[in-house]
Amino acid sequence: MSGLIYDVAIIGAGPAGLAAGLYAARARLDAVIFEKLGEGGQIAITNEIENYPGAPANSSGPSLSGRMAEQAREFGAKIIRDDIVDVELEGCTKKLTGKSGVYSAKTVIIANGGKAKPIGCPGETELVGKGVSYCATCDAGFFSDLEVFVIGGGDAAVEEAIYLTKFARKVTIVHRRDELRAAKSIRDKAFANEKLAFLWDTVVEEISGDGMVESITFKNVKTNEITTHNADEEDGTFGIFPFIGFEPVSGLYKGKVEMDPAGYIITDDNMKTNVQGVFAAGDIRVKSLRQVVTAAADGAIAAVQAEKYIEGH
C-alpha cells in the first residue's frame, strides 16, 4: 500500500459514482473512482436515454455515461480499473483492497449500484437493449404500439406492466404461478386493464432474434408444453421486460454498514451511512426511485457531504 491517501474514494462508476467524482474533484478534493468493468453501470445496457434532463436526442446509455466520465476526468477525478474485494471502513483512514492494489482514503462513497435478476435463459444476454429491457420507465417509449411481455408476478412486475400499457399495444404478464403475488390493490388495477393479458404457470425457456428480439419460447410448468411466440410480421419485434427481482450489489459491505433486509444500504438524506466518513449513493441505497437522474443527485450530495466531513476532521 502506497503512502497516498485520497480525500474521496468512490466505488462504482455508474451515474452516482461519476457525479460524485465530478463534484469531489471540482471541489479540489483528491478523488478516485474504482470500477471493475466499464463506466455507466445500469445505463450502459440501455440502448437509448430519453428521460435524463438535457440529454441530446437519441442519446445512448454508453454515450451519456462516457460524457459523464470525461467530465469527471476533466476536473481531475481519477478512474482506476480495479475490482475492490475488501474494505475496512472504520477509523479516520479507510482501506480498500482491490485485485490490483491496496488504497487508502479519508472518506468512501459506496456506489456499486444494483442489478436486475436475469431470467437466465438462452438469448437473454445477447438481446439486452435489443428488445430485452429491465427498466420500463427508461424504455417503454420504444415499444409504442408494439406487443410486450412482462416476466414476473410481484408488485414491481405488475406495476411496470400497467405502466407499459400506456405505450404498448398489448402487454402480457408471464408468471410461473397461477395467481399474482402483487398486493390486492395492484392486482385489481391489473385485472381491470383491458390491455393486459396473463399467461399463467409459465416460464421463459429461450429468447431468439437476429439483432433484435423476434421470438420467445415458453414452457408450462404444469403440463411441460412448449410454445413459441413470434413477432408480428408487420412489427418485426416485441418487448420483453423481466421483473423477477432487483438486487443491490452490496455483499462487500455486509456487516460493515447498516442495511435493510433486502441488502440495500440505509442512509439519511445526506447520503450518510451509520459509519463516519462513509456515504452511499445511487441504486445501492434505500430509496423510492432508481433512475439516472436520482443517482446523479445522490452522488452530488454524497461528494458535498464528504467535503464537509473532511473539513471537520
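This text follows the structure it describes.
Only a predicted model underlies this, so the values are computations on that prediction, with no experimental measurement involved.

(A) Spotlight on unusual backbone geometry. The backbone of Asp201 shows a phi angle near 50 degrees, a positive value even though the residue is not glycine. Mapped onto the elements of the fold, Asp201 is located in the loop between strand E10 (196-199) and strand E11 (202-208). A positive phi angle, close to 70 degrees, is found at Met271, a residue other than glycine. Examined against the element boundaries, Met271 turns out to sit in the loop between strand E15 (246-248) and strand E16 (278-280).

(B) Structural context of the sheet that holds strand E12 (residues 215-220). The 3 strands lie next to each other as E11-E12-E13, forming an open sheet whose pairing is antiparallel. The two strands at the open ends of the sheet, each matched to only one other strand, are E11 and strand E13 (226-230). Going from strand to strand, the sheet's axes swing by 25 degrees on average, the running direction of each strand aside. Strand direction decides the pairing type here: E11 and E12, joined by 6 bridges, are antiparallel.

(C) Inspection of the pattern of salt bridges at higher detail. One pass over the structure, following the stated rule, counts 14 salt bridges. The partner of Lys106 in a salt bridge is Asp7, and the shortest N-O contact between them spans 3.2 Å. Of this pair, Lys106 sits in strand E6 (residues 102-110) while Asp7 is found in strand E1 (residues 5-11), placing the two residues 99 residues apart along the sequence. A relative accessible area of 12% places Asp7 in the buried class.

(D) Just the sheet that holds strand E8 (residues 147-151), in detail. Taking strand neighbours across the sheet as the criterion, the 4 strands line up as E10-E9-E8-E14 in an open arrangement whose pairing is parallel. What marks the edges here is a single partner per strand, and that holds for E10 and strand E14 (239-242). Across the sheet, the mean angle from the axis of one strand to that of its neighbour is 20 degrees, orientation sign disregarded. Here E8 pairs with strand E9 (residues 170-174) via 5 bridges, running parallel. Among the inter-strand pairings, Ile151 is bridged to a residue of E9, identified as Val174. Helix H4 (residues 155-164) contacts E8, E9, E10 and E14 of the sheet and is inclined by roughly 170 degrees relative to E8.

(E) Spotlight on the pairing of strand E4 (residues 84-88). Pairing of E4 with strand E5 (residues 94-98), which is carried by 4 bridges, proceeds in the antiparallel orientation. Looking at E5, one finds that Ile84 is bridged to Gly98. Where E4 folds back onto E5 in an antiparallel hairpin, the turn is made up of 5 residues, including Gly91, whose phi is positive at roughly 90 degrees.

(F) Main features of the side chain of Glu124. Relative to the helices and strands, Glu124 resides in the loop between strand E7 (114-116) and helix H3 (136-139). Here Glu124 is buried and forms no salt bridge, its nearest opposite-charge partner Lys115 lying at an N-O distance of 12 Å. A polar contact of 2.9 Å, which involves the side chain of Glu124, links it to the backbone nitrogen of Ile119. Excluding residues within four positions of it along the chain, Glu124 makes contact with Pro118, Ile119, Val132, Tyr134, Ile207 and Pro242.

Reading the values: the criteria
- Residues numbered from 1 in each chain as written.
- Predicted model: local features only at pLDDT ≥ 70, side-chain atom pairs only at ≥ 80, totals over all residues.
- Heavy atoms only, no water.
- Helix = DSSP H or I, 4+ residues; strand = E, 2+ residues; numbered from the N terminus.
- Pairing = 2+ DSSP bridges.
- Axes fitted to C-alpha atoms, helices over the stretch in contact; angles between N-to-C directions.
- Salt bridge = Lys/Arg side-chain N within 4 Å of Asp/Glu carboxyl O.
- Buried < 20%, exposed > 50% of the residue type's maximum accessible area, 1.4 Å probe, protein only.
- Contact = heavy atoms within 4.5 Å.
- Lys, Arg positive; Asp, Glu negative; His and termini not counted.
- Polar contact = N/O pair within 3.5 Å; in protein donor to acceptor, adjacent residues only side chain to side chain.

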